[in-house]
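Residues per chain are reported as follows:
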Amino acid sequence: MFKAIVSADTLKDTIDSVGVLVDECKIHLEEDGLAIRAVDPANVGMVDLELDASAFESYEADGGIIGVNLDRLEDIAGMASGDQPIHLELDEETRKLHIQIDGLEYTLALIDPDSIRQEPDIPDLDLPADIVVEGADIDRSVTAADMVSDHIALAVDADAETFVVEAEGDTDDVRLELDRDDLVDLQAGPARSLFSLDYLKDMNKAIPKDAEVTIELGEEFPVKLHFDIAEGQGNVTFMLAPRIQSD
Amino acid sequence: MFKAIVSADTLKDTIDSVGVLVDECKIHLEEDGLAIRAVDPANVGMVDLELDASAFESYEADGGIIGVNLDRLEDIAGMASGDQPIHLELDEETRKLHIQIDGLEYTLALIDPDSIRQEPDIPDLDLPADIVVEGADIDRSVTAADMVSDHIALAVDADAETFVVEAEGDTDDVRLELDRDDLVDLQAGPARSLFSLDYLKDMNKAIPKDAEVTIELGEEFPVKLHFDIAEGQGNVTFMLAPRIQSD
Amino acid sequence: MFKAIVSADTLKDTIDSVGVLVDECKIHLEEDGLAIRAVDPANVGMVDLELDASAFESYEADGGIIGVNLDRLEDIAGMASGDQPIHLELDEETRKLHIQIDGLEYTLALIDPDSIRQEPDIPDLDLPADIVVEGADIDRSVTAADMVSDHIALAVDADAETFVVEAEGDTDDVRLELDRDDLVDLQAGPARSLFSLDYLKDMNKAIPKDAEVTIELGEEFPVKLHFDIAEGQGNVTFMLAPRIQSD
């Protein structure tokens, strides 16, 4: 059993956050909200999303799992705008999701959850550095790094107490250094890891420019990016595996 | 003889309404206004347009016919914006149309009207249902139906007094039901016909979102869509042949 | 030695003015400002640009020459917006240009100036007609001419005291006639030359719509187009060779 009403913006933010990594996913319809975990086909990027029942105008669920085509769901959500309410209701018998937007009813065939790639275990890492930065600065970093390289290094200079982003190209280099004044918060510690820019570009698309993003970083460890959606009633964690540091 | 001044917006609306179906057309330069009728190459969609002399800033004509390339005319009209006046003058001898926009003169070679596909006879149908709906609802219906199918069914539920739009895809379905409160007006009667979405998508492009559109509908009959242009001093009728209902 | 701070808009206007003709250029870092001259590979279009030191927030240079990839520089400048300051500093040893935008540092490898096409000598022509026109009218002329032809004739009717733009296509023609009232200024004289529209379209992209453009024109002579950038603290001259007038 699942029946809910959610604003178009909240549904779109939810879909986008997962859709940048995978085309289809399992959605856990828990009593207290939605939960989605997914990993990309190459096992490099993961997403863990929770959307609390309070993020919905109304929400009733009792613990089922549905499999959903995210592209399709994104197209449908695109028929609504702003805070327009979208009605969702699961038909258990036909395994179809009824989606209503102001008189328009879309009947979406669900995917057998067993046919969807298994959900990842997202490890609890105790990483030495925590950086809280504006989404806009991640966007700047990724855009600039993309001009010169396929990789991007994220680091903390523990002495200078700065967060450092670097990309080295064949001829040109990019470097962004943010100190305590430029950051929302910084828990300095030894941290430097290299990442694939392709993945970070995709994740960046889902990060609101005005979001506060908490980055957990270590030495050649995966990075975790946390940010809120739905005005704090939902949260997203991206995890990205590191590339071997080239020297 | 033909000499007229018309606002850019009015000329563009006129061209668009016909241009979604055909690339070239005959324009009747009647004493009391312009008239255009055209049918697409497959004989499935027709348009009947009238633009009253009062829609022009000035208008003089005495009954000739010119053949026009609509793409070309659209490009030229695109040089003007908003209510900027466009001057049109026919040179009978050279069979060219002189188009002036604020000092810029474009000389458009006309097409021999005899070389243009014959104008259709648009039948007078006495269809059982009349629905008056906002252009925005046609846009919603067509956009949603296009996600799942190549066809769209338009129907009236005479008992429930609703206008119903349906599209059935291989796995997903779309349905829009509008009752009296959602409609501008409804003359209920037995009506259900299936149409090619390609044509309706093209026609939809020419229908202003804020227009009141009168839909005449029957049982496996052509549909007629009527709407005004040029603030009521012009009107357009689209007619679309039905597809055989599959079942 | 070169160290300067310039607003994003001024840097972008500078890059655009040269970038429409060539991909890389030499920049002369004079004590009193920047100077760039370049000619396209076919030797048909030339540009001569001066940007006074007063156009910068701060400016220090002592006469060197650097070679720059303009596409690359345009991408970097695109990271800043409006009047956001861009810091430029030349590292003489590494021959790299350090570009800083709000904490983001881009290190741009320079090109050996000797490997860049030689700078043109832009001849001093004493042309009989001077026309001062708004950039928007050049845009209109070029856009309309492009609908019918690959060439455009620019002329002055010395008797009527008008500036005339003409393009003749296979079937359609375009003509724009601007008299003293439409022009900012006119020094009439016998002038008519035919030009390649491709080049004029590229130059048009760099001309602000609200700029006053001074056109120097003769009989089958090159045309010169002068306009200001950086609120008058910089100026650009385009020169375009004529095509042989076809009759």
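Residues numbered from 1 in each chain as written. Chains lettered and ligands numbered in written order. Predicted model: local features only at pLDDT ≥ 70, side-chain atom pairs only at ≥ 80, totals over all residues. Heavy atoms only, no water.

**Things to note about the UniProt feature "domain: Proliferating cell nuclear antigen PCNA C-terminal" (unreviewed entry) in chain A**
- UniProt annotation of "domain: Proliferating cell nuclear antigen PCNA C-terminal" (unreviewed entry) refers to residues 122-242 of chain A when read in the numbering used here.
- Taken as a whole, residues 122-242 of chain A contains 17% helix and 46% strand, while its terminal C-alpha atoms sit 15 Å from one another. (UniProt positions renumbered as here; feature names shortened; annotations may be inferred. Helix = DSSP H or I, 4+ residues; strand = E, 2+ residues; numbered from the N terminus.)

**Considering the relation of the copies chain A and chain B**
- Rotating chain A by 120° about the axis while translating it 0.1 Å along that axis superimposes it on chain B, leaving an RMSD of 0.0 Å. In symmetry terms, the pair is related by a three-fold rotation axis. (Least-squares fit on C-alpha atoms with pLDDT ≥ 70 in both.)

**Some words on the side chain of Ser149 of chain C**
- Inspection of the secondary structure puts Ser149 of chain C in the loop between helix H3 (135-146) and strand E11 (151-157).
- If we ignore the near neighbours within four places in the chain, the residues touching Ser149 of chain C are Ala167, Glu168 and Leu197 of chain C. (Contact = heavy atoms within 4.5 Å.)

**Digging into the domain arrangement of chain A**
Residues and elements named next belong to chain A.
- What the domain assignment lists for chain A is domain 1 (2-115) and domain 2 (129-240).
- For domain 1 and domain 2, the distance between their C-alpha centroids amounts to 28 Å.
- With 20 residues of domain 1 in contact, the opposing surface of domain 2 contributes 16 residues.
- In total, about 1,400 Å² of surface goes out of reach between domain 1 and domain 2, with carbon and sulfur atoms giving 61% of it.
- Among the residues of domain 1 in contact with domain 2, Val20, Val44 and Met46 are the three that bury the most area, contributing 32% of the side total.
- Here domain 1 is connected to domain 2 by zero salt bridges.
- Here domain 1 is connected to domain 2 by five residue pairs in polar contact (both at pLDDT 80 or more).
- Looking at the side of domain 1 that touches domain 2, the elements that each hand over two or more residues are helix H1 (8-19) and strand E4 (45-52). (Domains from an automatic or database assignment. Buried area = accessible area lost by both parts, 1.4 Å probe. Salt bridge = Lys/Arg side-chain N within 4 Å of Asp/Glu carboxyl O. Polar contact = N/O pair within 3.5 Å; in protein donor to acceptor, adjacent residues only side chain to side chain.)

**Digging into the interface of chain A and chain B**
- Taken together, the contact pairs 14 residues of chain A with 12 residues of chain B.
- Of the roughly 1,100 Å² buried between chain A and chain B on both sides combined, carbon and sulfur atoms contribute 53%.
- When residues of chain A are sorted by the area they lose upon contact with chain B, Met79, Leu104 and Tyr106 of chain A head the list and together hold 42% of the total.
- Between the two partners, chain A and chain B, sit nine residue pairs in polar contact (both at pLDDT 80 or more).
- The set of elements that each furnish at least two residues to the side of chain A that touches chain B consists of helix H2 (70-77), strand E8 (96-101) and strand E9 (104-109) of chain A.
- When residues of the side of chain A that touches chain B are assigned to their parent elements, the largest contribution, six residues, is made by E9 of chain A.
- Split by residue class, the side of chain A that touches chain B holds seven nonpolar, two polar and five charged.
- With four bridges connecting them, E9 of chain A and strand E13 (residues 173-179) of chain B associate as antiparallel partners. Among the inter-strand pairings, Tyr106 of chain A is bridged to a residue of E13 of chain B, identified as Val174 of chain B. (Nonpolar A, V, L, I, M, F, W, Y, C, P; charged D, E, K, R; others polar. Pairing = 2+ DSSP bridges.)

**With respect to the pattern of salt bridges**
- What the rule picks out here adds up to 27 salt bridges over all chains.
- The shortest N-O distance in the salt bridge between Arg175 of chain B and Glu166 of chain B comes to 2.3 Å.
- What makes Glu166 of chain B buried here is its relative accessible area of 17%.
- If you follow the salt bridges from partner to partner, you end up with Glu166, Arg175, Glu177 and Arg192 of chain A in one network. (Buried < 20%, exposed > 50% of the residue type's maximum accessible area, 1.4 Å probe, protein only.)

**Quick notes on the sheet that holds strand E16 (residues 212-217) of chain C**
Residue and element names in this part refer to chain C.
- Overall, antiparallel pairing links the nine strands, which are arranged E6-E2-E3-E4-E18-E17-E16-E10-E14 in an open sheet. For this open sheet the edge positions go to strand E6 (64-69) and strand E14 (185-187), each flanked by a neighbour on one side alone. With strand direction ignored, the average angle separating the axes of adjacent strands in the sheet is 20°.
- In this structure, strand E17 (residues 223-229) lies alongside strand E18 (residues 234-240), joined through seven bridges in antiparallel fashion. The residue bridging Leu225 from the neighbouring strand is Phe238, located in E18.
- Sheet contacts for H3: strand E10 (129-134) and E16; angle to E10, the most-contacted strand, approximately 95°.
- Contacts between helix H4 (residues 197-206) and the sheet are confined to strand E4 (45-52), E17 and E18, with E18 contributing the most and set at about 175° to the helix. (Axes fitted to C-alpha atoms, helices over the stretch in contact; angles between N-to-C directions.)

**Quick word on the sheet that holds E11 of chain C**
- Spatial strand order, E5(B)-E1(B)-E7(B)-E8(B)-E9(B)-E13(C)-E12(C)-E11(C)-E15(C): nine strands in an open sheet with antiparallel pairing. In the strand order of this sheet, the two ends are held by strand E5 (58-61) of chain B together with strand E15 (191-196) of chain C, each with one partner. Direction aside, the axes of adjacent strands within the sheet are offset by 20° on average.
- Both strand E7 (residues 85-91) of chain B and strand E8 (residues 96-101) of chain B contribute to a ladder of five bridges, which runs antiparallel.

**Points about the packing of helix H3 (residues 135-145) of chain A against helix H4 (residues 197-206) of chain A**
Residue and element names in this part refer to chain A.
- At a closest axis distance of 10 Å, the pairing of H3 and H4 adopts a crossing angle of 145°. Between H3 and H4 lies a crossing of left-handed hand. On the side of H3, the interface is formed by Gly135, Ile138, Asp139, Val142 and Ala145, while H4 contributes Leu197, Leu200, Lys201 and Asn204.
- Classifying every residue of the contact of H3 with H4 by side-chain character gives five nonpolar, two polar and two charged. (Left-handed = near helix turned anticlockwise from the far one by under 90°.)

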